[in-house]
Amino acid sequence: MKIRNFLTLACAALLVLNLAGCASSANKDAMVAGNLQTLKKHDRSVAVRTSGGAETGAMDSSNVADADLKAAIEESIVQSKLFKSVVQGKDGDYDLAVSIVRLEKPVFGLTFTVNMEATWVLVKQSDKSVVLKKSIQSTSTATFSDAAAAVTRLRLAVERAAKANIEQGLQAISGLSL
């Protein structure tokens, strides 16, 4: 009976360690929207700002940090050539503000589905007119076949949801006449 209790406790401890583990932040390179087919290219510059993200703590689940989201959006713009250039600060012809308003993550399971919602606002700097204001929702799933460790599955699902959000946001901007 003591051996059975010990094995049960050991299995439970291993399960908790697999589920909790040491979380890692979403990787900015994994969130870049590569091979993005844009409808229009804009011969203007853009500055990108992000908010609503969170750093990942040691005992936290994977999050999207503002700096990593900003870097992924900027790199996606550069690779797709959606804008002529990406600038820092307020020196752009346009200001793109992306704010994460919701990041729903599961606590446990073999399949992790993450839902993300971000507000995308594009403002023309010369007259402060809002040319795009859109709430974008994205979903992504990572399964046991993607990664055996739960913390890795969650990170993959978070990265994919963020990447899908970036793709949708940039596609919406590429449809505008600026």
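You'll find the structure just up there.
Note that the coordinates shown come from a computational prediction; the quantities given were computed from them, not determined experimentally. (Residues numbered from 1 in each chain as written. Predicted model: local features only at pLDDT ≥ 70, side-chain atom pairs only at ≥ 80, totals over all residues. Heavy atoms only, no water.)

Enquirer: In this structure, what is going on with the overall build of the protein? I would like to understand it.
Expert: Of the regular secondary structure elements, the protein holds 4 helices and 5 strands. The secondary structure elements of the protein, listed N-terminal to C-terminal, are α-α-β-α-β-β-β-β-α. When burial is assessed residue by residue, the protein has 40% of its 178 residues classed as buried. Expressed as a percentage of contacts within the protein between residues at least 6 apart in sequence, the contacts between residues at least 24 apart total 71%. Surface summary for the protein: the accessible area is close to 9,500 Å², and the carbon and sulfur share equals 56%. (Helix = DSSP H or I, 4+ residues; strand = E, 2+ residues; numbered from the N terminus. Buried < 20%, exposed > 50% of the residue type's maximum accessible area, 1.4 Å probe, protein only. Contact = heavy atoms within 4.5 Å. Areas by Shrake-Rupley, 256 points an atom, 1.4 Å probe, with all protein chains shown as cover.)

Enquirer: Help me understand the pairing of strand β4 (residues 112-124), please; the structure alone is not making it clear to me.
Expert: Pairing geometry for strand β3 (residues 94-104) and β4, over 10 bridges, is antiparallel. Across the sheet, the residue bridging to Arg102 is Glu117, located in β4. Linking β4 to strand β5 (residues 129-142), which pair antiparallel, is a turn of 4 residues; within it Lys128 sits at a positive phi near 60°. (Pairing = 2+ DSSP bridges.)

Enquirer: Please clarify how the nonpolar core should be interpreted in this entry.
Expert: Soluble globular proteins tend to bury their nonpolar side chains together. Formed by 39 residues in total, the largest nonpolar core has its most connected members in Ile73, Ile77, Leu96, Trp120, Leu122, Ile166 and Ile173. Elements that contribute at least two residues to this core include exactly β1 (42-51), α3 (66-80), β3, β4, β5 and α4 (150-174). When residues of this core are assigned to their parent elements, the largest contribution, 10 residues, is made by α4. Each residue touching Leu96, except ones within four places of it in the same chain, is listed here: Val46, Ala47, Val48, Arg49, Ile73, Ile77, Trp120, Val121, Leu122 and Ile173. (Core = buried A, V, L, I, M, F, W, Y, C linked by side-chain atoms within 4.5 Å.)

Enquirer: Can you help me understand the pairing of β5 in this one?
Expert: On a regular strand, one side chain projects to one face of the sheet and the next to the other, so that they alternate. Of the strand pairs in this sheet, β4 and β5 are connected by 13 bridges, and their pairing is antiparallel. Bridging across to β5, Lys124 finds its partner in Ser129.

Enquirer: Help me out: how do you make sense of the packing of aromatic side chains in this one?
Expert: The final tally for this structure, using the stated rule, is 1 aromatic pair. Judged by centre distance (6.2 Å) and plane angle (50°), the rings of Phe83 and Tyr94 are tilted. A residue pair is termed long-range when its members are at least 10 positions apart, and Phe83 in strand β2 (residues 83-87) and Tyr94 in strand β3 qualify at 11 residues. In this structure, Arg153 packs its charged tip against the face of Phe112, placed 4.9 Å from the ring centre. (Phe/Tyr/Trp six-rings, centres within 6.5 Å; stacked < 30°, edge-to-face > 60°. Lys NZ or Arg CZ within 6 Å of the ring centre and 35° of its normal.)

Enquirer: Explain α4 here, please?
Expert: Since the α-helix advances by 3.6 residues per turn, residues separated by three or four positions end up pointing in the same direction. Helix length check: α4, at 25 residues, gives a terminal C-alpha distance of 36 Å against a target of 36 Å (1.5 Å per residue), a fit within 8%. With 18 of 25 residues buried, α4 lies mostly within the body of the structure. (Expected span 1.5 Å × (residues − 1).)

Enquirer: In this structure, what is going on with α3? I would like to understand it.
Expert: The first and last C-alpha atoms of α3 sit 21 Å apart over 15 residues, in line with the 21 Å expected at 1.5 Å per residue. Taken as a whole, α3 has its buried residues at Asp68, Leu69, Lys70, Ala72, Ile73, Glu74, Ser76, Ile77 and Ser80. Where the residues of α3 are buried, they touch α2 (28-31), β1, β2, β3, β4 and α4.

Enquirer: Sorry if this is basic, but what is going on with the pattern of salt bridges here?
Expert: Pairing between side chains of opposite charge can happen when their charged atoms approach one another. By the definition in use, this model includes 6 salt bridges. The salt bridge involving Glu117 is made with Arg102; its shortest N-O contact spans 3.3 Å. In this pair, Glu117 sits in strand β4 while Arg102 sits in strand β3, placing the two residues 15 residues apart along the sequence. Glu159 serves as the salt-bridge partner of Arg155, at 3.0 Å between the closest nitrogen and oxygen. With Arg155 and Glu159 both in helix α4, this residue pair falls 4 residues apart, about one helical turn. Assessed through its relative accessible area of 4%, Glu159 is described here as buried. (Salt bridge = Lys/Arg side-chain N within 4 Å of Asp/Glu carboxyl O.)

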